[in-house]
Amino acid sequence: MSDSAGPALPVTVNAPLEEGLTSRTIWVIFYGAFILMPANLYLMRVAGTSLTGAVAFVALILWVELARLSRKPLTPAESFIVYAISGMAAGQMLFYNYAIHPAYFRVSEISHTFTDGNGVPFADLAPAWWAPPADVALKRTFFDKAWLAPIAVSAAVWIFHIIADLSLGIVG
């Protein structure tokens, strides 16, 4: 019976590690931060969804094909850096997006329309650690003491998320 998958690739156990963060992959970080991040923020505002998961694949395919067309294909280490960094570079501004949404909830008309059983609007029921008071949200600036708690909670969640990602990456 013949093997339809073809010959197996040779496995090298003690191969030297290659550098993945090179001058070619630095451009991916800039591409993710200055092109894909604004596109991602725009999509969050318009459609309410994020491209963060797809950004890594889009950047990887684009960069691999551009490197192939230039007749200098990416190494596996460079491809990994492109995949890992592009999604992270495009998704880091979403941290601030999650600070803007609660402020909008605090002042939006729809959150004042619905009330609980005692007649208190939902906007007033939101905790202070999640959204600043309405007068602070209407100032449209983060330079106010009322923003310290929401930003601290969001930063703590973000930091714990990064720690969980790293620790699960080490385990897996």
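To be clear, the structure that these remarks concern was listed above.
Worth saying up front: this structure is predicted, and the values here are computed from it rather than measured. (Residues numbered from 1 in each chain as written. Predicted model: local features only at pLDDT ≥ 70, side-chain atom pairs only at ≥ 80, totals over all residues. Heavy atoms only, no water.)

**Student:** Sorry, what's going on with the nonpolar core here?
**Tutor:** Grouped together as the largest cluster of nonpolar side chains are 11 residues: Val28, Tyr31, Leu36, Val55, Ala59, Leu60, Trp63, Ala67, Leu74, Val82 and Ala90. Mapped by element, the contributors of at least two residues to this core are helix H1 (23-47), helix H2 (52-69) and helix H3 (76-91). With five residues, the top contributor of residues to this core is H2. If sequence neighbours within four positions are ignored, Leu36 has contacts with Tyr31, Val55, Ala59 and Ala90. Among the nonpolar cores identified, the runner-up in size contains five residues, and Ala99, Val136, Ala137 and Trp147 belong to it. (Core = buried A, V, L, I, M, F, W, Y, C linked by side-chain atoms within 4.5 Å. Buried < 20%, exposed > 50% of the residue type's maximum accessible area, 1.4 Å probe, protein only. Helix = DSSP H or I, 4+ residues; strand = E, 2+ residues; numbered from the N terminus. Contact = heavy atoms within 4.5 Å.)

**Student:** Would you take a moment to explain the packing of aromatic side chains for this structure?
**Tutor:** Aromatic ring pairs: the centre-centre distance and the angle between the two ring planes describe each pair. Taken as a whole and assessed by the stated rule, the structure comprises six aromatic pairs. Taking 5.2 Å as the distance between ring centres and 45° as the angle between the ring planes, the aromatic pair formed by Tyr31 and Trp63 counts as tilted. Separated by 32 residues along the polypeptide, Tyr31 in helix H1 and Trp63 in helix H2 bring together distant segments of the chain. In terms of burial, Tyr31 and Trp63 fall into one category: buried. Here Phe142 and Trp147 contribute two aromatic rings whose centre-to-centre distance is 4.8 Å and whose plane-to-plane angle is 80°, an arrangement assigned as edge-to-face. Under the relative-accessibility criterion, Phe142 is labelled partly exposed at 37%. We classify Trp147 as buried; its relative accessible area is 4%. In this structure an aromatic cluster arises from ring pairing among Trp27, Phe30 and Phe34. (Phe/Tyr/Trp six-rings, centres within 6.5 Å; stacked < 30°, edge-to-face > 60°.)

That is the geometry; function is a separate question.
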